Amino acid sequence: MQTDNLELKKLVYLYLMNYAKSQPDMAIMAVNTFVKDCEDPNPLIRALAVRTMGCIRVDKITEYLCEPLRKCLKDEDPYVRKTAAVCVAKLHDINAQLVEDQGFLDTLKDLISDSNPMVVANAVAALSEIAESHPSSNLLDLNPQSINKLLTALNECTEWGQIFILDCLANYTPKDDREAQSICERVTPRLSHANSAVVLSAVKVLMKFMEMLSKDLDYYGTLLKKLAPPLVTLLSAEPELQYVALRNINLIVQKRPEILKHEMKVFFVKYNDPIYVKLEKLDIMIRLASQANIAQVLAELKEYATEVDVDFVRKAVRAIGRCAIKVEQSAERCVSTLLDLIQTKVNYVVQEAIVVIKDIFRKYPNKYESVIATLCENLDSLDEPEARAAMIWIVGEYAERIDNADELLESFLEGFHDESTQVQLQLLTAIVKLFLKKPTETQELVQQVLSLATQDSDNPDLRDRGYIYWRLLSTDPVAAKEVVLAEKPLISEETDLIEPTLLDELICYIGTLASVYHKPPSAFVEGGRGVVHKSLPPRTASNESVESPETAPAGAPSNEQPDVIPTQGDLLGDLLNLDLGPPVSGPPLATSSVQMGAVDLLGGGLDSLIGGPNFVAPPAAAVPANLGAPMGSGLSDLFDLTSGVGTLSGSYVAPKAVWLPAMKAKGLEISGTFTRQVGSISMDLQLTNKALQVMTDFAIQFNRNSFGLAPAAPLQVHAPLSPNQSVEISLPLNTVGSVMKMEPLNNLQVAVKNNIDVFYFSTLYPLHILFVEDGKMDRQMFLATWKDIPNENEAQFQIRDCPLNAEAVSSRLQSSNIFTVAKRNVEGQDMLYQSLKLTNGIWVLAELRIQPGNPNFTVRAPAPALPALGALPPCPGWPLLPHPTPGQGSALMADTLAQLDWGPF
């Protein structure tokens, strides 16, 4: 480290940065060298020392580095000062309080007035970084004087320095339109920069400040003209940059379509464009379509519909329909184009055309019905659910104009149960419409579809709609007519425009990942740290609207917040929709002394913490392919004499396993197991802090699961969890939570929150914790139930290497609430007949065959399928079994017994 060779010193410092975290005690020995190098006559070595200091993230040595950093912040060489400015941001991330106490933030603010533009840019970048992680602090207190200094430095910075300054300017709100215009004039030259990131940052500033300019100003029109060429130039870059530019242009066009209204041709698709660029260009073409250019757009779209790429062709056909809906004068030409495409008889083109013609009918009722005959000719070629549903809607809506409407709908009815739900619902409604229009001819048909939808269907949506129609038709046909044949609202011109409030926020994020995703950062930034909601400045009185009348969506709300509808689909999707109020209360437990209260455990709901509907779930716990094989997380090893932990009741407890490794949870390691004692279920946790910071504010939440397991009390960690400290907690559980069948059956998905973040893991709980104490079935009922179960309803498997005799087995199983109802000896084999009852009221029956001297047992478990089972308690909360039936009971029994982990002995 004492070498004078600069290259060698760089290598040594690089080594220090990489290994300081794993060997912090050794890193302390380098402090003296840093202090010495910070006073070296060579500015490169001074800068190298201060840069390395900032990269060594070890708490123990930060306080020793304050004095060298202070000197470097006031160094005579600008290269050292700019490096020290970034070092302050890094030090703040390690120890914010230390930076504030040492006055580094004030020094950083002073650097904004520095004579060197690169020092100014780095000071702005450092302050912006600190301000993002601490939104409440007003570090960047911008005023006209500081803005003027930033604009002066803007012309002399490197390209990345310009981006930092432009992003900072975008966060400033001018006091009036004159100041906004002055800033725009000084930022406009950046539009001609070679770096696309600088261009987009400049566009962001201009788009934001244009909000304050009056549309009557000459400068406003000039600025619109200046914005178009740089955006067009971005489209000559490589495809990846084109895509980013197009996603940003999509937002700009929705906000101010007048900027690019004369540039339609640059968005025409090239033959060698990647598909993602093609689809984005297509979307922008539709947004720019107007009466002036619709002929050109339609000719282009018709050409696209003959391409070889199926996805692109579908989008092109759908785009023709969107043009018809957007530009009323072009509707007739669009319908004619669609009919030409239908005549090609290309299957997927025909089906897309029918879908969009349905939307045209909804937009322009009683105007283009003459094409229905052509559509009906292609009825037999429809095989996609959306196209079939669209055609059925058309037939039902215009049944009075189609002579053989009943025959057409009856042809769909023949394979009713094979259709998708979308088609079934549409067919039900269409036939009811037909009946209300032609009651005498279609009475048989409507009875048939109502019967299929209600008595023969297990889809709740279809069944409910069928019952509603049936009740309406049987009690008040007039009311049925008013409801089913009511006049429908016209569909809007643009159904895919981004909601105005969200659009305003996204405009403030042009040039960032948010503008590519078209989602605010809070929707995808993990933990929500550093996410600040931005909005455009208020419009001036003379600038009431910035959207042209021809593109503004009819009736679009201007100031209302959008309703955010979360989507589902991943493994932990349901965690996004959890009600994060107090856990559902169960029976009072002696272990809990604190009342929950009506508080949100996870501080604002998971949506705010994990980023809303597009959150990417962590991988679930691996599930063995052969569920019949022993599994460490199934029904724990009830016979194991050594590895388990004894409890007061004698029930088996598996040893604690690591559920969440520290490397996946920012230093928090969670181990645990499950127990059942005296009728109470507990999750025994061990929390270990392997991070370098204190952990507090713990909370826990379960996803919906097969048996409704939920916390019965809050997760209580009474003292902050210091680094390298562990704490053991017993969390009481109940089974009155929300129910959803999981795969495998005993899968449990858990969210744990602390002051650092929210973490997710899934584990398999042992089924025997769900076996209740009153699970011994009456002998007569057991006999009656057992006899009537068909042979095909039973599951059979082997338990190997068990040295216990029948009495020991019976005793061991009883300690886990598996009761021996009867015992007999047949041909030297001991036969144990056993019963158990789950917390949701479901009974399990089993026969255990034990051959003396043979360590292998045979278990035969028939599924409950007898009428006698109906006399047993119902299955509350079990989504698939409100009333057990032979098929369902067998499936459940197979699921339950497949989880049994009898284990080695």
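The name given to the protein chain in an unreviewed UniProt entry is Adaptor related protein complex 1 subunit beta 1, and the organism recorded there is Equus caballus. In its Sequence similarities (unreviewed entry) section, the UniProt record describing the protein chain reads: "Belongs to the adaptor complexes large subunit family."

> Can you help me understand the sheet that holds strand E8 (residues 758–764) in this one?
Within a sheet, each strand pairs with its neighbour through backbone hydrogen bonds, oriented either parallel or antiparallel. In space, the three strands of this open sheet follow the order E4-E7-E8, with antiparallel pairing throughout. Strands at the two margins of the open sheet, each flanked by one partner only, are strand E4 (699–702) and E8. Each strand of the sheet is rotated relative to its neighbour by a mean of 25°, with strand direction disregarded. Pairing of E4 with strand E7 (residues 747–753) involves four bridges; the strand directions are antiparallel. Directly across from Ala699, in E7, lies its bridge partner Lys753.

> Help me understand the side chain of Thr763, please; the structure alone is not making it clear to me.
Among the structural elements, Thr763 can be located in strand E8. By relative accessible area, Thr763 is classed as buried at 4%. At 3.1 Å, the side chain of Thr763 and the side chain of Trp659 are in polar contact. With residues near it in sequence (within four places) discarded, Thr763 still touches Trp659, Phe674, Asn746, Asn747 and Leu748.

> Would you mind showing me how to read the packing of aromatic side chains here?
Each aromatic ring pair is characterised by the separation of its centres together with the angle its planes make. As enumerated under the stated definition, the model contains ten aromatic pairs in all. Ring geometry for Trp393 versus Tyr398: centroids 6.5 Å apart, planes at 85°, classification edge-to-face. Taking relative accessible area as the criterion, Tyr398 reaches 5% and is therefore assigned buried. Between Trp659 and Phe761 the ring centres are 6.0 Å apart and the planes differ by 25°, which places this aromatic pair in the stacked class. Of this pair, Trp659 sits in strand E1 (residues 657–660) while Phe761 sits in strand E8, placing them 102 residues apart in sequence. Neither Trp659 nor Phe761 differs from the other in exposure class; each is buried. A network of ring pairs unites the aromatic residues Trp659, Phe674, Phe761 and Tyr765 as a single cluster.

> Teacher, can you tell me more about the pairing of E7 here?
Here is the key point about a regular strand: its side chains alternate between the two faces of the sheet. A large share of E7 lies buried, amounting to seven of its seven residues. Counted along the chain from E7 to the antiparallel partner E8, the turn is four residues long.

Rules used in this analysis
- Residues numbered from 1 in each chain as written.
- Predicted model: local features only at pLDDT ≥ 70, side-chain atom pairs only at ≥ 80, totals over all residues.
- Heavy atoms only, no water.
- UniProt positions renumbered as here; feature names shortened; annotations may be inferred.
- Pairing = 2+ DSSP bridges.
- Helix = DSSP H or I, 4+ residues; strand = E, 2+ residues; numbered from the N terminus.
- Axes fitted to C-alpha atoms, helices over the stretch in contact; angles between N-to-C directions.
- Buried < 20%, exposed > 50% of the residue type's maximum accessible area, 1.4 Å probe, protein only.
- Polar contact = N/O pair within 3.5 Å; in protein donor to acceptor, adjacent residues only side chain to side chain.
- Contact = heavy atoms within 4.5 Å.
- Phe/Tyr/Trp six-rings, centres within 6.5 Å; stacked < 30°, edge-to-face > 60°.

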